Amino acid sequence: MRGLKTEDSRKTVETVVQLDEETVNYLQRLDYELGGLQVLHTHALRAGANREKLAAVKREFQETFAEYQMAKEELWTRFAPEHPRFKSWRVDFQTGILYIVDPADPSGQEGEGHA
């Protein structure tokens, strides 16, 4: 899907792409799950939970983190060919919009960051 492009004063071009609801919901679920697991791990540490409980929470966090990273990489592969020099990208879960920031100068640095 082609996106709307706008320029800003920082010499970048922002592309806006509406994502499908299923993709947005999946990424948002993983993001929230990671946040919850971080809170759970911190609480377990402060409460003095045993090593087995801490290890279980850590393992679940690592598995969810890996799944989230793979999902983001899979999403980005759909847009990377059109944005080889991207500066950053992010998904707004409220609107379902993917924002891609490219340098306005096509000779800029290769892409280095993402959501």
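Refer to the structure presented above.
Given the structure is predicted, the values throughout are model-derived calculations rather than measurements. (Residues numbered from 1 in each chain as written. Predicted model: local features only at pLDDT ≥ 70, side-chain atom pairs only at ≥ 80, totals over all residues. Heavy atoms only, no water.)

Participant: Mind laying out the overall build of the protein chain, listing which residues take part and the relevant values?
Facilitator: Looking only at helices and strands, the protein chain features two helices and four strands. Among the 115 residues that make up the protein chain, the fraction classed as buried is 32%. Looking at the protein chain alone, contacts between residues at least 24 apart form 61% of all its contacts between residues at least 6 apart. When the accessible surface of the protein chain is split by element, carbon and sulfur atoms take 51% of a total near 8000 Å². (Helix = DSSP H or I, 4+ residues; strand = E, 2+ residues; numbered from the N terminus. Buried < 20%, exposed > 50% of the residue type's maximum accessible area, 1.4 Å probe, protein only. Contact = heavy atoms within 4.5 Å. Areas by Shrake-Rupley, 256 points an atom, 1.4 Å probe, with all protein chains shown as cover.)

Participant: Describe the pairing of strand E4 (residues 97–103), listing the residues and the values that go with them.
Facilitator: Within E4, seven of the seven residues are buried, which leaves it mostly tucked inside the rest of the structure. Every second residue of E4 is oriented toward a common face, with Ile97, Tyr99, Val101 and Pro103 on one face and Leu98, Ile100 and Asp102 on the other, all of them buried. Where strand E2 (residues 12–18) and E4 come together, seven bridges link them in antiparallel fashion. Opposite Thr12, over in E4, you have Pro103 as the bridge partner. Here five bridges tie strand E3 (residues 88–92) to E4, and the two strands are oriented antiparallel to one another. Bridge assignment links Ser88 to a residue of E4, and that residue is Val101. Turn length for the E3-E4 hairpin, with the two strands adjacent in sequence and antiparallel, is four residues, and the turn residue Gly96 shows positive phi of about 75 degrees. (Pairing = 2+ DSSP bridges.)

Participant: Can you explain helix H1 (residues 21–47)? Please cite residues and give values.
Facilitator: Taking 1.5 Å of rise per residue, 27 residues should cover 39 Å, and H1 covers 38 Å from first to last C-alpha, within 8% of that figure. Along H1, the residues classified as buried are Thr23, Val24, Leu27, Gln28, Leu30, Leu34, Leu37 and Ala44. Along its buried surface, H1 packs onto helix H2 (51–77) and E3. Just beyond H1, the residue with positive phi is Gly48, at close to 75 degrees. (Expected span 1.5 Å × (residues − 1).)

Participant: Run through the packing of aromatic side chains, naming residues and quoting values.
Facilitator: With the rule as written, the count across this model stands at three aromatic pairs. Plain terms: the ring middles of Phe61 and Phe65 are 6.2 Å apart, the flat faces sit at 20 degrees to each other, and that makes the pair stacked. Of this pair, Phe61 and Phe65 both sit in helix H2, separated by four residues, roughly a single helical turn. Residue class for Phe65 comes out partly exposed when judged on its relative accessible area of 40%. Ring geometry for Trp76 and Phe86: centres 4.6 Å apart, planes at 55 degrees, overall tilted. On the criterion of sequence distance, the pair formed by Trp76 in helix H2 and Phe86 in the loop between H2 and E3 is long-range, its members being 10 residues apart. Each member of the pair, Trp76 as well as Phe86, is classed as buried. Every member of this aromatic cluster is reached through a ring pair, and the members are Trp76, Phe86 and Trp89. Here Lys72 stacks its cationic end above the ring of Tyr68, 4.6 Å away from the centre of that ring. (Phe/Tyr/Trp six-rings, centres within 6.5 Å; stacked < 30°, edge-to-face > 60°. Lys NZ or Arg CZ within 6 Å of the ring centre and 35° of its normal.)

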